[in-house]
Amino acid sequence: MPPDEKAFEEAVSAYYEPLYRFALGLSRSEADASDLTQRVFERFGEKSGVLRDKAKTKTWLFTTLYRDFLQQKRHTTRFPESEWDETLDATIVELPRVEAAADANTAVAALHALEEPFRSTSILFYLQEHSYKEIAEILDVPIGTVMSRLARGKDMLRAAMDSSHDSVSATNAAGKGART
Amino acid sequence: MTKEQAKEILSAYRPGIDDELDPLFANALKLARKDKELKAWLADSVAFDSRICNELARVMAPAGLRDSILAERKIIRPIPWWNRRMGRPQMAAAAAVLLAGLIVSLWFSQRPATFAEFRREIADQSWGSAPHVEAKAADLKDVRNFLVSMNVETNFTIPSVLAQSAVHGCTLIKWRGHKVPVICFHSEGQHLHLVVVDRHLFPDAPAHVPQTDQWQSWRTASWSKDDHAYVLTGLNTTSFVKKFRREKRWDWEG
């Protein structure tokens, strides 16, 4: 296997899952997350310089994916969903999915529900792939901004998880009450 | 440093990942060691973070994503089987596989296939083991030339958005005795395979309007036009087709 191929395969194996998790958190869509992940590796494959510098690879991948997401978001804003032709959409027949929908656990659901820019900062933090300095570099913000976003993001996350826990408890209690 | 300032700094501290001697964390950690309330807050914060990290790590990427990314870089002409060296065990295994294949194909040839079967089998085959592209091609003209050289008809029509996409290559899959072309495209970060087949082979060939389905990790969109039926497969084929239909760009080349 040529060296570039080997480096490419190693990078894919090492980072495709954390990149997908980051992309899923950003886009909140499995299809878009797969697209973003594929696209970042496509660009990575074209950058032989990055392939040679392993130390920079990870940060480059996350930075590029994040920028791509922002660019895509700007594009979506220019072509908002209201332009969707409902009659045209109705003609596409969606057959039932073979596999069950992804398990939406409370913590991840709460993380994905955070508003930007707290969501991207928190996901990078919880992925445990980068130092806070690298997170600042990826998001192109000062370190102090990363700190304050994390602190606020964590507060929001706790509140969301507590309220979700309370509503589950209330539902369970109501269920028990109904059975007795 | 106040407690609130320390809390904000320590919100970004992950034991084992961040350096506790880092000047940013060192003072806040020193304060937490002295202050009982702050120490308890930090322990609680670390436990909370650990829970989120564990749950986030359980989010799995789609099964075919890694293979799809890698497959893009493995487009090479394969070595023909007669040029490969085989030992006795491999030859015996190959003979057994051949025999089993003959039995299965005989059984299959007794009944007509449905389009749903074709769609699933072809999605599996087209994304099978690398290399998945037999001949590299720069554009659709190259693809058609390759197909002509393989005695395969080329009077099929491709949606404009695909025709304008980057072509990687083409391969021929043998499906129940039929040569089925699979064209490999790359469009806006998506790796897609377009399969072209004679629609008259199937009593239940799809309509003109794309019909979507999912088979394992692969999404498919299928439609018919004139004498051919088409299956577009990839990880996100549905969103691809929907996007161009939404933008009213799902028309036909030529």
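Quick caveat, the model's predicted, so the values are computed rather than measured.

A.B. asks: Could you clarify how one ought to interpret the overall build of chain B in this entry?
C.D. replies: Summing up its helical and strand segments, chain B has 9 helices and 7 strands in all. Burial statistics for chain B: of 254 residues in total, 35% are counted as buried. Summarising the internal contacts of chain B: among those between residues at least 6 apart in sequence, 60% fall at separations of at least 24.

A.B. asks: I would appreciate a short explanation of the overall build of chain A in the present structure.
C.D. replies: Along chain A, the regular secondary structure elements total 9 helices and 1 strand. Counting from the amino terminus, helix and strand elements in chain A follow one another as α-α-α-α-α-β-α-α-α-α. Counting only contacts in chain A whose residues sit at least 6 apart along the sequence, the fraction spanning at least 24 positions is 67%.

A.B. asks: Can you walk me through the confidence of the model for chain A in this structure?
C.D. replies: It should be kept in mind that the predicted coordinates are not to be read in detail where pLDDT is low. Scored by pLDDT, chain A has a mean of 77; 69% of the residues are at 70 or more. Per-residue pLDDT, averaged within each element of chain A, yields its smallest value for strand E1 (residues 93-94) of chain A (42) and its largest for helix H7 (residues 118-127) of chain A (95).

A.B. asks: It is not clear to me how helix H8 (residues 132-139) of chain A should be interpreted in this structure. Could you clarify?
C.D. replies: An α-helical turn contains 3.6 residues, so any two residues separated by three or four positions project in the same direction. Residue and element names in this part refer to chain A. Within the sequence span of H8, burial applies to Tyr 132, Ile 135, Ile 138 and Leu 139. Around the axis of H8, the buried residues are gathered within 115° of arc, so they sit on the same side. Just downstream of H8, Asp 140 is the residue with a positive phi angle, here 60°.

A.B. asks: Before we go on, may I ask you to explain the interface of chain A and chain B in this structure?
C.D. replies: Many authors give the size of an interface as the accessible area that is lost as the parts come together. Chain A puts 46 residues into the contact, and the matching count from chain B is 42 residues. Those elements that provide at least two residues to the side of chain A that touches chain B are helix H1 (3-27), helix H2 (30-46), E1, helix H6 (106-113), H7 and helix H9 (143-179) of chain A. Considering each element in turn, the side of chain A that touches chain B owes the most residues, 10 residues, to H2 of chain A. A per-class count over the side of chain A that touches chain B returns 24 nonpolar, 9 polar and 13 charged.

A.B. asks: Any chance you could explain the pairing of strand E7 (residues 228-234) of chain B here in plain terms?
C.D. replies: Looking down a regular strand, the side chains alternate between one sheet face and the other. All names here are of chain B. Burial runs high along E7: 6 of the 7 residues are buried. The pairing of strand E6 (residues 218-225) with E7 spans 7 bridges and is antiparallel. Counterpart to Ser 222 in the pairing with E7 is Val 231.

A.B. asks: I'm lost on the confidence of the model for chain B in this one. Help?
C.D. replies: All names here are of chain B. Mean pLDDT over chain B stands at 81; residues scoring 70 or higher make up 87%. Confidence, expressed as mean pLDDT per element, reaches its minimum in chain B at helix H9 (residues 237-246) with 74 and its maximum at helix H3 (residues 36-57) with 91. Low confidence marks residues 75-84, where pLDDT is under 50. Its contacts with residues over four positions away, or in another chain, come to 12 contacts. Overall fold confidence (pTM) sits at 0.59, and the ipTM for the predicted complex is 0.77.

A.B. asks: I'm lost on unusual backbone geometry in this one. Help?
C.D. replies: Among all residues save glycine, negative phi is the norm, and among peptide bonds the norm is trans. All names here are of chain A. Cis geometry is found at the peptide bond from Glu 116 to Pro 117, where omega equals 10°. Take Pro 117: it is sitting in the loop between H6 and H7. We note that Arg 28 has phi near 60°; this positive angle belongs to a residue other than glycine. The phi angle at Asp 140 is positive, at roughly 60°, despite the residue not being glycine. As for its position among the elements, Asp 140 is in the loop between H8 and H9. Since 11 C-beta atoms lie within 10 Å of it, Asp 140 is described here as exposed.

A.B. asks: Please clarify how the nonpolar core should be interpreted in this entry.
C.D. replies: One recurring pattern in soluble globular proteins is that nonpolar side chains are buried together. Ranked by internal contacts, the top residues of the largest apolar core, which has 92 residues, are Leu 19, Ala 23, Leu 65 and Leu 111 of chain A together with Cys 170, Leu 194 and Val 195 of chain B. A total of 11 residues in this core trace back to one element, the largest contributor, which is H1 of chain A. Apart from residues no more than four positions distant in its own chain, Leu 111 of chain A is found in contact with Gly 25, Ser 122, Ile 123, Tyr 126 and Leu 157 of chain A together with Ile 52 and Leu 56 of chain B.

A.B. asks: Got a minute to help me understand the packing of H6 of chain A against H3 of chain B in this structure?
C.D. replies: Two numbers describe a pair of packed helices, the interaxial angle and the distance between the axes. It is at 8 Å that the axes of H6 of chain A and H3 of chain B come closest, and there the two elements cross at 95°. In terms of orientation, H6 of chain A lies roughly perpendicular with respect to H3 of chain B. Contacts between H6 of chain A and H3 of chain B involve Ala 107, Val 108 and Leu 111 of chain A from the first element and Arg 51, Ile 52, Glu 55 and Leu 56 of chain B from the second. Considered class by class, the residues forming the contact of H6 of chain A with H3 of chain B number 5 nonpolar, no polar and 2 charged.

Quick notes on the rules
- Residues numbered from 1 in each chain as written.
- Chains lettered and ligands numbered in written order.
- Predicted model: local features only at pLDDT ≥ 70, side-chain atom pairs only at ≥ 80, totals over all residues.
- Helix = DSSP H or I, 4+ residues; strand = E, 2+ residues; numbered from the N terminus.
- Buried ≥ 20, exposed ≤ 12 C-beta atoms within 10 Å, placed from the backbone.
- Contact = placed C-beta atoms within 7 Å.
- pLDDT = per-residue confidence, 0-100.
- Arc of directions from axis to C-beta.
- Nonpolar A, V, L, I, M, F, W, Y, C, P; charged D, E, K, R; others polar.
- Pairing = 2+ DSSP bridges.
- Core = buried A, V, L, I, M, F, W, Y, C linked by C-beta atoms within 7 Å.
- Axes fitted to C-alpha atoms, helices over the stretch in contact; angles between N-to-C directions.
- Parallel < 35°, antiparallel > 145°, perpendicular 65-115°, else oblique.

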